[in-house]
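# Report on the structure
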Amino acid sequence: MSDGPILRLTPLGAGQEVGRSCVVLEYRGKTVVCDAGIHPGHSGMAALPFVDHLDWSTVDLILITHFHLDHVGALTYITEKTNFRQGDGKIYMTHPTKAVYKLVMQDLLSSNLSSFGSLFTLAEVSQSLSAIAPVSVHQQISPCPGISFIPYHAGHVLGACMYMINILGLKIVYTGDYSREDDHHLVKAEIPSIRPDVLVVESTHGVHTFESRAEKERRLTTCVHTIIQRGGHVLLPVFALGAAQELLLILEAYWDVHPELQAVPVYYTSSLARKCMTVYQAHIHTMNDEIRSRLAKRDNPFVFKHVSSVSLQRGWVRKIAQGPPCVVLASPGFMDSGSSRELLELWAPDSRNGLIITGYAIEGTLAKSIVNEPNEILSLKGVPIPRRMSVDSVSFSAHVDGSQNLAFIERIGAEHILVHGEKATMGRLHAAVESRFKDQSINCKVYAPGNLETLELSIRQELIAQVIGRLADNVPEEGDILSGMVIAKDCSYTLLDAQDIHELTELTVPVIMQKQRLVMGVGWELVRWHLEGMFGRVEDRGINTMRVMNVVDVTHTAEHEVTFEWASSAENDMIADATLALLTGIDKSPATVKLTSPHVHAERSATARYEHIAWFLEATFW
């Protein structure tokens, strides 16, 4: 374990608020930005994250979790209006997210009430696409030295993912928006197999716990059926993508088993939803087992029998509003503008009609205030309109609830940073997390920073090395010491024997060849006699070369001159030093004087060899 360098985390958005998610991670000279959204409750520059607080040319990586505007809406501004392109930063999102990103940005700018046309243009949206690299779930990507990441399923919407980010060995999970609930088409959020050091997790619903999925679907379909039976119209304000597709699948299945409703049309009114339906059909392979098994039987669940899109011709809203009972899924979900607002104003005075809020409502929006069932609402023109229609709320927000979030946090077991939640809601979850860990005697810190509030965390890291090669042949017992070389690459560590480097790694081992010449006044045969006396048998490597202990080549290069050559290492250098010391003393050696016969101890018994070597050493050094 080691106390590592400081991780600096700064929310440029989504700090104690819901909207404009943008979290900056800085560690050991690397900078990663997670999400780049706009705030749906603001307009123009005020909706952007605090982009001027970061030098975007220093950013190494931007990761986008999904296509909702509060997570991706500011990306074009960042790529085209800041100095991001002056650096080497890369941008990643999943294939479905990139496919939908272009469409949602075009839809954002095409609205007559849009305030974002002054920030960037449709041409700049198209230009931003060139900077985005699509990635598949579970694919490991190393965009630059020292950084890698793996996307995991996050539920929530098509293509949504959470990221396991590795920055120079520090592991961070950033969830974005996620859902652990089984639904009709998405794979629920996964729990990464690797334990991170830090978890940055959403806290949208705080500690609030939802009813069961079956109960929610029962309440929704009961509300819809009741409103139709009393001769009313049903308004379901939704965002064009995400919960809308889930609700369409639920209603389609309910209509299938209720023939009495099949004459009642179900509409979705968003041109964006209609365009994106082709994306959903193209990416069915990324959905859950239920959807893929239906597709295998040539039953495409997104080819509806009872649901149709509205032809958005002039006057279509009033035509539907004054027509027979129907169900309309209209965007946007907050009802601050668009077809959902127009239908609300037309249907609100009639008590037969009903409004069902199915998603998360942000503070300051009409969707949030109408849940309290006011007696009247203000039209977009500022005219009071009586509210007699029924108002119900059945949450299909595709975010985790309090209990699911707490269970996920407990499973991850890292230091936690809460984002994407209103201050009070986040505070309640903060207290609940601390209480749960305290009850279990777990020392785990929890943080809830506000926008531009920088956290500095010194994370105690556990360094793990994989043992390979001959070191892995025998399983060590506890307390054993393994000796080898540690190879670090892309934030992972490998321990192996130095002799395995060439075979098991891509590394090359440099070899330093040492060479030394020595002038001598004795003959070559006397050199051989002394080498054999000291080292035993020497290996002939040619007419004028002998190899000592399979390490040092001694070559007769000229009259009265020999050359030593060997591959340098700690052991080889000692043998070379011994050889050199022996031969530099030949001229004065008493053994030279006493020489009467060649050495034959290499062929003698071990005892005889030891006795002869002892005689040789005594004659040489005494």
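Residues numbered from 1 in each chain as written. Predicted model: local features only at pLDDT ≥ 70, side-chain atom pairs only at ≥ 80, totals over all residues. Heavy atoms only, no water.

### Brief notes about the sheet that holds strand E14 (residues 307–309)
Taken together, the six strands give an open sheet; going across it, the order is E14-E13-E15-E12-E16-E19, and neighbouring strands pair in parallel fashion. This sheet does not close on itself; its edge strands, each paired only once, are E14 and strand E19 (390–393). On average, adjacent strands in this sheet sit at an angle of 20 degrees to one another, irrespective of strand direction. Sheet analysis places strand E16 (residues 354–357) next to E19, joined by four bridges and oriented parallel. What sits directly across from Gly-354, in E19, is Ser-390. Along the sheet, helix H5 (residues 213–229) contacts strand E12 (234–237), strand E15 (327–330), E16 and E19; its crossing angle with E16, the most-contacted strand, is approximately 165 degrees. The strands touched by helix H6 (residues 243–256) are E12, strand E13 (266–268), E14 and E15; relative to E15, the strand with the most contacts, the crossing angle is about 165 degrees. (Pairing = 2+ DSSP bridges. Helix = DSSP H or I, 4+ residues; strand = E, 2+ residues; numbered from the N terminus. Axes fitted to C-alpha atoms, helices over the stretch in contact; angles between N-to-C directions. Contact = heavy atoms within 4.5 Å.)

### Here's the deal with the pattern of salt bridges
By the definition in use, this model includes 24 salt bridges. The partner of Glu-124 in a salt bridge is Lys-81, with the nearest N and O atoms 3.0 Å apart. Of this pair, Glu-124 sits in helix H4 (residues 122–129) while Lys-81 sits in helix H2 (residues 75–81), and the two are 43 residues apart along the sequence. We note a salt bridge from Arg-219 to Glu-211, for which the minimum N-O separation is 2.8 Å. A residue is classified by how much of its surface remains accessible, and Glu-211, at 28% relative accessible area, is partly exposed. Each of the salt bridges in this network shares a partner with another, and the network as a whole consists of Glu-181, Arg-213, Lys-216, Glu-217 and Glu-246. (Salt bridge = Lys/Arg side-chain N within 4 Å of Asp/Glu carboxyl O. Buried < 20%, exposed > 50% of the residue type's maximum accessible area, 1.4 Å probe, protein only.)

### Remarks on the packing of H5 against H6
The N-to-C vectors of H5 and H6 enclose an angle of 65 degrees; their axes lie 11 Å apart at closest approach. As the angle between them shows, H5 and H6 are arranged roughly perpendicular. The crossing of H5 and H6 is right-handed. Each of Arg-213, Glu-217, Leu-220, Thr-221, Val-224, His-225 and Ile-228 in H5 lies in contact with H6, whose residues at this interface are Glu-246, Leu-247, Ile-250, Leu-251, Tyr-254 and Trp-255. Residues of the contact of H5 with H6, tallied by class, amount to eight nonpolar, two polar and three charged. (Parallel < 35°, antiparallel > 145°, perpendicular 65-115°, else oblique. Left-handed = near helix turned anticlockwise from the far one by under 90°. Nonpolar A, V, L, I, M, F, W, Y, C, P; charged D, E, K, R; others polar.)

### A short note on unusual backbone geometry
Omega for the peptide link from Ser-331 to Pro-332 comes to 5 degrees, which places this bond in the cis form. Structurally, Pro-332 can be placed in the loop between E15 and helix H10 (338–347). Despite not being glycine, Gln-16 has its phi angle at roughly 60 degrees, a positive value. Counting through the fold element by element, Gln-16 comes out in the loop between strand E1 (2–13) and strand E2 (22–27). Judged by its relative accessible area of 26%, Gln-16 is partly exposed. Look at His-560: it is not a glycine, yet its phi comes out positive at around 65 degrees. Note on placement: His-560 falls in the loop between strand E29 (552–558) and strand E30 (561–567).

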